[in-house]
Amino acid sequence: TTVANAWDTLTFNFANQASGTQAINYATAYNKLSLFPNFGVSGATAGTQTYFVGFVNHAAGGSGGGTTKAQISLPITWQDSAATDLTTTDFGGTASSIAADPVSPTRIALRILKTSAAQTWAGTTFGTSNGFAANIPFTSTANQMQVQVYAPAAGMIMRLKAEDKTDPTKSVETDATTTMANTWHTLTFNFANHASGTSAINYTTNYNKLNIFPNFGVAGATSGALTFYIGQVAFGTITGTNNLLQTGELLIHPNPNSGTFNLLAPGMEGKEVNVQILDISGKKVHEETIGALSANQPLSVNNLRDGLYLCRITSGNQVAMQKLVIRN
(Lines give C-alpha, C1' and ligand atoms only; values in the text may rest on other atoms or scores of the structure.)
Protein backbone atom coordinates (compact mmCIF):
# COMPACT_ATOMS: atom_id res chain seq x y z
CA THR A 1 0.00 0.00 0.00
CA THR A 2 1.17 3.53 -0.76
CA VAL A 3 -1.44 5.74 0.91
CA ALA A 4 -3.42 5.66 4.14
CA ASN A 5 -7.22 5.97 4.36
CA ALA A 6 -7.58 6.59 0.62
CA TRP A 7 -8.29 4.40 -2.39
CA ASP A 8 -5.25 3.35 -4.41
CA THR A 9 -4.66 0.66 -7.01
CA LEU A 10 -2.16 -2.12 -6.37
CA THR A 11 -0.67 -4.22 -9.19
CA PHE A 12 0.23 -7.83 -8.39
CA ASN A 13 2.69 -9.33 -10.89
CA PHE A 14 2.49 -13.11 -10.60
CA ALA A 15 5.52 -13.49 -12.84
CA ASN A 16 7.44 -12.34 -9.75
CA GLN A 17 6.37 -14.84 -7.11
CA ALA A 18 6.79 -14.07 -3.42
CA SER A 19 10.04 -15.25 -1.85
CA GLY A 20 9.79 -18.83 -0.64
CA THR A 21 6.72 -19.64 -2.77
CA GLN A 22 6.28 -21.48 -6.05
CA ALA A 23 6.72 -19.88 -9.45
CA ILE A 24 3.67 -19.51 -11.68
CA ASN A 25 2.79 -22.59 -13.76
CA TYR A 26 0.83 -21.71 -16.90
CA ALA A 27 -0.46 -25.27 -17.17
CA THR A 28 -2.30 -24.92 -13.87
CA ALA A 29 -5.99 -23.95 -13.82
CA TYR A 30 -5.91 -21.15 -11.24
CA ASN A 31 -9.55 -20.54 -10.27
CA LYS A 32 -9.50 -19.36 -6.66
CA LEU A 33 -8.13 -16.11 -5.24
CA SER A 34 -7.17 -15.18 -1.67
CA LEU A 35 -6.08 -11.84 -0.24
CA PHE A 36 -3.85 -11.45 2.86
CA PRO A 37 -4.05 -7.90 4.32
CA ASN A 38 -0.94 -6.71 6.19
CA PHE A 39 0.69 -10.04 5.43
CA GLY A 40 3.36 -11.17 7.83
CA VAL A 41 2.12 -9.10 10.76
CA SER A 42 -0.11 -10.69 13.38
CA GLY A 43 -3.15 -9.00 14.86
CA ALA A 44 -1.52 -9.14 18.28
CA THR A 45 1.23 -6.92 16.92
CA ALA A 46 -0.79 -4.60 14.69
CA GLY A 47 -4.03 -4.45 16.60
CA THR A 48 -7.41 -4.68 14.89
CA GLN A 49 -7.34 -3.09 11.41
CA THR A 50 -10.05 -2.61 8.76
CA TYR A 51 -9.51 -2.74 5.00
CA PHE A 52 -11.81 -2.14 2.04
CA VAL A 53 -11.36 -3.84 -1.31
CA GLY A 54 -12.87 -2.28 -4.44
CA PHE A 55 -12.38 -3.45 -8.02
CA VAL A 56 -10.43 -6.67 -8.65
CA ASN A 57 -9.47 -7.53 -12.20
CA HIS A 58 -7.06 -9.49 -14.35
CA ALA A 59 -4.49 -7.18 -15.93
CA ALA A 60 -3.58 -6.95 -19.59
CA GLY A 61 -0.13 -7.95 -20.78
CA GLY A 62 2.18 -10.75 -19.81
CA SER A 63 4.13 -8.85 -17.19
CA GLY A 64 1.50 -7.11 -15.12
CA GLY A 65 0.46 -4.15 -17.28
CA GLY A 66 -2.40 -1.78 -16.58
CA THR A 67 -5.80 -2.99 -15.47
CA THR A 68 -8.08 -4.15 -18.28
CA LYS A 69 -11.14 -1.92 -18.42
CA ALA A 70 -14.46 -2.36 -20.16
CA GLN A 71 -14.95 -0.47 -23.41
CA ILE A 72 -17.12 2.62 -23.05
CA SER A 73 -20.81 2.09 -23.77
CA LEU A 74 -24.18 3.74 -23.21
CA PRO A 75 -25.36 4.99 -20.83
CA ILE A 76 -22.28 7.00 -19.82
CA THR A 77 -22.14 8.25 -16.23
CA TRP A 78 -18.41 9.08 -15.74
CA GLN A 79 -18.54 7.52 -12.26
CA ASP A 80 -16.91 4.14 -12.86
CA SER A 81 -13.45 5.03 -14.13
CA ALA A 82 -11.96 2.04 -12.27
CA ALA A 83 -13.92 -0.47 -14.37
CA THR A 84 -14.63 1.40 -17.61
CA ASP A 85 -12.23 3.11 -19.99
CA LEU A 86 -13.63 6.66 -19.97
CA THR A 87 -10.96 8.05 -22.27
CA THR A 88 -12.19 10.94 -24.45
CA THR A 89 -10.73 12.31 -27.68
CA ASP A 90 -10.57 16.06 -28.35
CA PHE A 91 -10.38 17.80 -31.72
CA GLY A 92 -10.40 21.32 -33.10
CA GLY A 93 -9.23 23.02 -29.90
CA THR A 94 -11.05 21.42 -26.98
CA ALA A 95 -9.50 19.90 -23.85
CA SER A 96 -11.55 17.41 -21.84
CA SER A 97 -10.98 15.67 -18.52
CA ILE A 98 -12.86 13.89 -15.75
CA ALA A 99 -13.51 16.51 -13.06
CA ALA A 100 -15.56 17.33 -10.01
CA ASP A 101 -19.18 18.32 -10.62
CA PRO A 102 -19.30 22.15 -10.40
CA VAL A 103 -22.43 21.92 -8.23
CA SER A 104 -21.58 18.96 -6.00
CA PRO A 105 -17.81 18.35 -5.84
CA THR A 106 -18.30 14.83 -4.45
CA ARG A 107 -19.74 13.81 -7.82
CA ILE A 108 -17.95 13.39 -11.14
CA ALA A 109 -18.61 14.80 -14.60
CA LEU A 110 -16.78 15.32 -17.89
CA ARG A 111 -15.27 18.81 -18.17
CA ILE A 112 -14.80 20.20 -21.69
CA LEU A 113 -12.81 23.38 -22.18
CA LYS A 114 -13.41 25.04 -25.55
CA THR A 115 -10.24 27.11 -25.75
CA SER A 116 -9.83 30.58 -27.21
CA ALA A 117 -8.04 28.93 -30.14
CA ALA A 118 -10.87 26.48 -30.84
CA GLN A 119 -12.43 26.07 -34.27
CA THR A 120 -16.18 26.52 -34.85
CA TRP A 121 -16.39 22.70 -35.12
CA ALA A 122 -14.25 21.87 -32.08
CA GLY A 123 -15.56 18.99 -30.02
CA THR A 124 -14.96 15.83 -28.04
CA THR A 125 -15.48 12.15 -28.81
CA PHE A 126 -16.95 10.03 -26.02
CA GLY A 127 -14.28 7.35 -26.21
CA THR A 128 -11.45 6.67 -28.62
CA SER A 129 -11.35 5.65 -32.28
CA ASN A 130 -12.63 2.27 -31.04
CA GLY A 131 -16.01 3.85 -30.34
CA PHE A 132 -18.65 2.11 -28.23
CA ALA A 133 -18.79 -1.54 -27.27
CA ALA A 134 -22.21 -1.81 -28.96
CA ASN A 135 -24.10 0.05 -31.65
CA ILE A 136 -26.45 2.87 -30.71
CA PRO A 137 -29.81 1.08 -31.14
CA PHE A 138 -31.53 3.60 -33.43
CA THR A 139 -34.81 2.51 -35.03
CA SER A 140 -37.50 4.37 -36.95
CA THR A 141 -39.42 4.75 -33.69
CA ALA A 142 -36.41 5.36 -31.40
CA ASN A 143 -34.24 8.24 -32.59
CA GLN A 144 -33.66 10.18 -29.38
CA MET A 145 -30.70 10.68 -27.06
CA GLN A 146 -30.39 12.86 -23.98
CA VAL A 147 -27.35 14.56 -22.49
CA GLN A 148 -27.04 16.40 -19.19
CA VAL A 149 -25.25 19.70 -19.73
CA TYR A 150 -23.87 22.46 -17.53
CA ALA A 151 -23.13 25.39 -19.83
CA PRO A 152 -21.89 28.95 -19.23
CA ALA A 153 -24.90 30.51 -20.99
CA ALA A 154 -28.34 29.82 -22.40
CA GLY A 155 -28.87 29.88 -26.16
CA MET A 156 -25.74 27.93 -27.07
CA ILE A 157 -26.01 25.24 -29.76
CA MET A 158 -24.77 21.82 -28.71
CA ARG A 159 -24.34 19.43 -31.62
CA LEU A 160 -24.29 15.65 -31.26
CA LYS A 161 -22.88 13.48 -34.04
CA ALA A 162 -23.22 9.70 -34.27
CA GLU A 163 -21.02 7.89 -36.76
CA ASP A 164 -19.74 4.51 -37.90
CA LYS A 165 -16.31 4.13 -36.29
CA THR A 166 -15.06 2.23 -39.36
CA ASP A 167 -16.35 4.84 -41.81
CA PRO A 168 -16.80 8.38 -40.44
CA THR A 169 -18.51 9.48 -43.67
CA LYS A 170 -21.51 7.48 -42.45
CA SER A 171 -22.87 9.83 -39.80
CA VAL A 172 -25.90 11.73 -38.56
CA GLU A 173 -25.85 15.04 -36.69
CA THR A 174 -28.48 16.97 -34.77
CA ASP A 175 -28.62 20.05 -32.55
CA ALA A 176 -30.08 21.11 -29.23
CA THR A 177 -29.86 24.51 -27.53
CA THR A 178 -28.97 25.21 -23.92
CA THR A 179 -31.75 26.86 -21.94
CA MET A 180 -29.98 27.63 -18.66
CA ALA A 181 -26.69 29.14 -17.55
CA ASN A 182 -24.46 27.49 -14.93
CA THR A 183 -27.18 24.97 -14.07
CA TRP A 184 -27.53 21.29 -14.88
CA HIS A 185 -30.26 20.62 -17.41
CA THR A 186 -31.09 17.88 -19.87
CA LEU A 187 -30.95 18.39 -23.64
CA THR A 188 -32.85 16.12 -26.01
CA PHE A 189 -31.27 15.31 -29.37
CA ASN A 190 -33.69 14.00 -31.99
CA PHE A 191 -31.70 12.33 -34.75
CA ALA A 192 -34.80 12.10 -36.95
CA ASN A 193 -34.29 15.87 -37.35
CA HIS A 194 -30.77 16.00 -38.75
CA ALA A 195 -28.85 19.27 -38.81
CA SER A 196 -29.09 21.36 -41.96
CA GLY A 197 -26.50 20.40 -44.55
CA THR A 198 -25.81 16.98 -43.00
CA SER A 199 -26.96 13.47 -43.87
CA ALA A 200 -30.26 12.05 -42.66
CA ILE A 201 -30.22 9.06 -40.33
CA ASN A 202 -29.81 5.69 -42.04
CA TYR A 203 -31.15 2.80 -40.01
CA THR A 204 -28.89 0.29 -41.79
CA THR A 205 -25.75 2.10 -40.59
CA ASN A 206 -23.87 0.86 -37.53
CA TYR A 207 -23.67 4.04 -35.45
CA ASN A 208 -21.16 3.24 -32.71
CA LYS A 209 -19.21 6.42 -32.07
CA LEU A 210 -20.50 9.68 -30.56
CA ASN A 211 -19.11 13.22 -30.64
CA ILE A 212 -20.32 16.40 -28.96
CA PHE A 213 -19.61 19.94 -30.21
CA PRO A 214 -20.12 22.59 -27.48
CA ASN A 215 -21.22 26.06 -28.67
CA PHE A 216 -21.19 24.72 -32.22
CA GLY A 217 -20.60 27.27 -34.97
CA VAL A 218 -18.80 29.80 -32.77
CA ALA A 219 -15.00 30.00 -32.77
CA GLY A 220 -13.03 30.34 -29.56
CA ALA A 221 -11.55 33.58 -30.87
CA THR A 222 -15.07 35.03 -30.89
CA SER A 223 -16.43 33.62 -27.62
CA GLY A 224 -13.26 33.37 -25.59
CA ALA A 225 -12.42 30.22 -23.63
CA LEU A 226 -15.56 28.50 -22.30
CA THR A 227 -16.02 25.57 -19.93
CA PHE A 228 -18.80 23.01 -20.23
CA TYR A 229 -19.64 19.98 -18.10
CA ILE A 230 -21.32 16.83 -19.39
CA GLY A 231 -23.24 14.51 -17.08
CA GLN A 232 -25.14 11.43 -18.17
CA VAL A 233 -25.30 10.52 -21.84
CA ALA A 234 -28.14 8.13 -22.60
CA PHE A 235 -30.03 6.58 -25.49
CA GLY A 236 -33.72 7.36 -25.18
CA THR A 237 -34.77 9.29 -22.10
CA ILE A 238 -32.84 9.89 -18.89
CA THR A 239 -35.20 8.65 -16.19
CA GLY A 240 -36.23 10.91 -13.31
CA THR A 241 -34.90 14.37 -12.59
CA ASN A 242 -32.87 16.62 -14.87
CA ASN A 243 -29.73 16.00 -12.84
CA LEU A 244 -29.23 12.29 -12.45
CA LEU A 245 -25.56 12.36 -11.69
CA GLN A 246 -24.49 9.85 -9.10
CA THR A 247 -25.52 11.10 -5.67
CA GLY A 248 -25.14 7.94 -3.66
CA GLU A 249 -23.23 4.70 -3.40
CA LEU A 250 -24.73 1.44 -4.64
CA LEU A 251 -23.26 -1.88 -3.60
CA ILE A 252 -24.22 -5.17 -5.22
CA HIS A 253 -23.33 -8.48 -3.63
CA PRO A 254 -22.50 -11.01 -4.74
CA ASN A 255 -21.22 -9.56 -7.98
CA PRO A 256 -20.86 -11.44 -10.35
CA ASN A 257 -24.04 -13.45 -9.70
CA SER A 258 -26.58 -15.60 -11.51
CA GLY A 259 -29.40 -13.05 -11.25
CA THR A 260 -30.09 -13.17 -7.53
CA PHE A 261 -28.30 -10.55 -5.46
CA ASN A 262 -28.64 -7.91 -2.75
CA LEU A 263 -28.57 -4.12 -3.03
CA LEU A 264 -27.14 -1.77 -0.44
CA ALA A 265 -27.69 1.96 -1.01
CA PRO A 266 -26.92 4.11 2.03
CA GLY A 267 -29.03 7.26 1.96
CA MET A 268 -31.95 5.61 0.16
CA GLU A 269 -32.92 3.08 2.80
CA GLY A 270 -36.60 3.23 3.70
CA LYS A 271 -37.43 5.23 0.58
CA GLU A 272 -39.43 4.20 -2.46
CA VAL A 273 -36.99 3.52 -5.29
CA ASN A 274 -37.17 2.68 -8.96
CA VAL A 275 -34.77 -0.07 -10.03
CA GLN A 276 -33.67 -0.37 -13.64
CA ILE A 277 -31.22 -2.74 -15.25
CA LEU A 278 -29.75 -1.71 -18.61
CA ASP A 279 -27.70 -3.75 -21.05
CA ILE A 280 -24.51 -2.39 -22.62
CA SER A 281 -26.46 -0.76 -25.46
CA GLY A 282 -28.50 1.22 -22.92
CA LYS A 283 -31.65 -0.85 -23.46
CA LYS A 284 -33.77 -1.34 -20.35
CA VAL A 285 -34.10 -5.08 -19.66
CA HIS A 286 -35.68 -4.96 -16.21
CA GLU A 287 -37.57 -2.42 -14.11
CA GLU A 288 -39.40 -2.56 -10.81
CA THR A 289 -40.43 -0.29 -7.97
CA ILE A 290 -39.60 -1.09 -4.36
CA GLY A 291 -41.87 0.63 -1.83
CA ALA A 292 -39.29 0.90 0.94
CA LEU A 293 -35.71 -0.09 0.23
CA SER A 294 -34.26 -2.31 2.93
CA ALA A 295 -30.71 -2.12 4.18
CA ASN A 296 -29.83 -5.30 2.30
CA GLN A 297 -32.50 -5.45 -0.38
CA PRO A 298 -32.83 -8.81 -2.19
CA LEU A 299 -33.47 -8.73 -5.92
CA SER A 300 -33.99 -11.51 -8.46
CA VAL A 301 -33.61 -11.07 -12.19
CA ASN A 302 -33.40 -14.58 -13.49
CA ASN A 303 -34.08 -14.02 -17.19
CA LEU A 304 -30.85 -12.24 -18.11
CA ARG A 305 -28.10 -13.73 -20.21
CA ASP A 306 -24.48 -13.75 -19.11
CA GLY A 307 -22.87 -10.35 -19.56
CA LEU A 308 -22.27 -6.85 -18.25
CA TYR A 309 -25.20 -4.65 -17.21
CA LEU A 310 -25.79 -1.37 -15.38
CA CYS A 311 -28.03 -1.35 -12.31
CA ARG A 312 -29.51 2.09 -11.62
CA ILE A 313 -31.77 3.01 -8.70
CA THR A 314 -33.48 6.38 -8.29
CA SER A 315 -35.48 8.04 -5.53
CA GLY A 316 -36.60 11.61 -6.15
CA ASN A 317 -33.47 13.51 -7.16
CA GLN A 318 -31.13 10.79 -5.89
CA VAL A 319 -29.57 8.20 -8.11
CA ALA A 320 -27.00 5.46 -7.58
CA MET A 321 -25.48 3.15 -10.17
CA GLN A 322 -23.23 0.14 -10.30
CA LYS A 323 -22.03 -2.34 -12.89
CA LEU A 324 -23.72 -5.74 -12.63
CA VAL A 325 -22.13 -8.91 -13.97
CA ILE A 326 -24.39 -11.91 -14.68
CA ARG A 327 -22.83 -15.35 -14.85
CA ASN A 328 -25.30 -18.24 -14.90
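Rules used in this analysis
Residues numbered from 1 in each chain as written. Predicted model: local features only at pLDDT ≥ 70, side-chain atom pairs only at ≥ 80, totals over all residues. Heavy atoms only, no water. Helix = DSSP H or I, 4+ residues; strand = E, 2+ residues; numbered from the N terminus. Contact = heavy atoms within 4.5 Å. Lys, Arg positive; Asp, Glu negative; His and termini not counted. Charge placed at Lys NZ, Arg CZ, Asp CG, Glu CD. Pairing = 2+ DSSP bridges. Axes fitted to C-alpha atoms, helices over the stretch in contact; angles between N-to-C directions. Polar contact = N/O pair within 3.5 Å; in protein donor to acceptor, adjacent residues only side chain to side chain. pLDDT = per-residue confidence, 0-100. Buried < 20%, exposed > 50% of the residue type's maximum accessible area, 1.4 Å probe, protein only. Patch = residues over 30% accessible without salt bridge, like charges linked within 9 Å, V, L, I, M, F, W, Y side chains within 5 Å. Areas by Shrake-Rupley, 256 points an atom, 1.4 Å probe, with all protein chains shown as cover. Salt bridge = Lys/Arg side-chain N within 4 Å of Asp/Glu carboxyl O.

### Topic: the overall build of the protein chain
Here is step 1 of the chain: A tally of helices and strands in the protein chain yields two helices and 17 strands.
Here is step 2 of the chain: With respect to the principal axes defined by its C-alpha atoms, the protein chain has extents near 70 × 45 × 40 Å.
Here is step 3 of the chain: In the protein chain, the proportion of contacts linking residues at least 24 apart, taken out of those at least 6 apart, comes to 67%.
Here is step 4 of the chain: For the protein chain, the distance from the average position of its 17 positive side-chain charges to the average position of its 17 negative side-chain charges is 3 Å.

### Notes on the sheet that holds strand β13 (residues 273-278)
Here is step 1 of the chain: Taken in spatial order, the four strands line up as β14-β13-β16-β17 in an open sheet, and their pairing is antiparallel. In this open sheet, the two strands that pair with only one neighbour each are β14 (284-290) and β17 (318-326). Between one strand axis and the next, the sheet turns by 20° as a mean value, whatever way the strands run.
Here is step 2 of the chain: The pairing of β13 with strand β16 (residues 307-315) spans five bridges and is classified as antiparallel. Looking across to β16, one finds that Gln 276 is bridged to Arg 312.

### Some remarks on the side chain of Arg 159
Here is step 1 of the chain: With respect to the helices and strands, the residue Arg 159 is situated in strand β6 (residues 157-164).
Here is step 2 of the chain: At 3.0 Å, the side chain of Arg 159 and the side chain of Glu 173 are in polar contact.
Here is step 3 of the chain: Polar contacts involving the side chain of Arg 159 include one to the side chain of Asp 175, which spans 2.6 Å.
Here is step 4 of the chain: With sequence-adjacent residues up to four places away left out, Arg 159 is seen in contact with Glu 173, Thr 174, Asp 175, Phe 189, Ala 195, Thr 198, Asn 211, Ile 212, Phe 213 and Phe 216.

### Examining the confidence of the model for the protein chain
Here is step 1 of the chain: Per-residue confidence for the protein chain gives a mean pLDDT of 86; residues scoring 70 or more make up 90%.
Here is step 2 of the chain: Every residue in residues 60-67 scores below 50 in pLDDT, and together they form 13 contacts with partners more than four places removed in sequence or on other chains.
Here is step 3 of the chain: Considering only residues more than four positions removed or in separate chains, one finds that residues 240-247, a stretch of pLDDT under 50, has 34 contacts.

### Brief notes about the environment of His 253
Here is step 1 of the chain: Within the fold, His 253 resides in strand β11 (residues 251-253).
Here is step 2 of the chain: Residue His 253 is classed as partly exposed on the basis of its relative accessible area, which comes to 33%.
Here is step 3 of the chain: His 253 sits 24 residues away from Ile 277 along the chain, and the two C-alpha atoms are 15 Å apart.
Here is step 4 of the chain: Here the side chain of His 253 touches Asn 296 through a polar contact of 2.7 Å, side chain to side chain.

### What about the environment of Ala 95?
Here is step 1 of the chain: One can find Ala 95 in strand β2 (residues 94-100).
Here is step 2 of the chain: Between the alpha carbons of Ala 95 and Gly 316 there is a distance of 33 Å; along the sequence they are 221 residues apart.
Here is step 3 of the chain: Those residues in contact with Ala 95 that lie beyond four places of it in its chain are Asp 90, Arg 111, Ile 112 and Leu 113.

### Describing the environment of Thr 115
Here is step 1 of the chain: Residue placement: Thr 115 occurs in the loop between β3 (108-114) and β4 (123-125).
Here is step 2 of the chain: Put simply, Thr 115 and Asp 85 are 30 residues apart on the chain and 25 Å apart in space, counted from C-alpha to C-alpha.
Here is step 3 of the chain: Here Gly 93 takes part through its backbone oxygen, which lies 2.8 Å from a polar atom of the side chain of Thr 115.

### A look at a nonpolar patch on the surface
Here is step 1 of the chain: On the surface, a nonpolar cluster with roughly 770 Å² of combined accessible area is contributed by Leu 10, Phe 12, Phe 14, Leu 33, Leu 35, Val 53 and Val 56.
Here is step 2 of the chain: As for its placement among the helices and strands, Leu 33 is situated in the segment before α1 (43-46).
Here is step 3 of the chain: A relative accessible area of 66% places Leu 33 in the exposed class.

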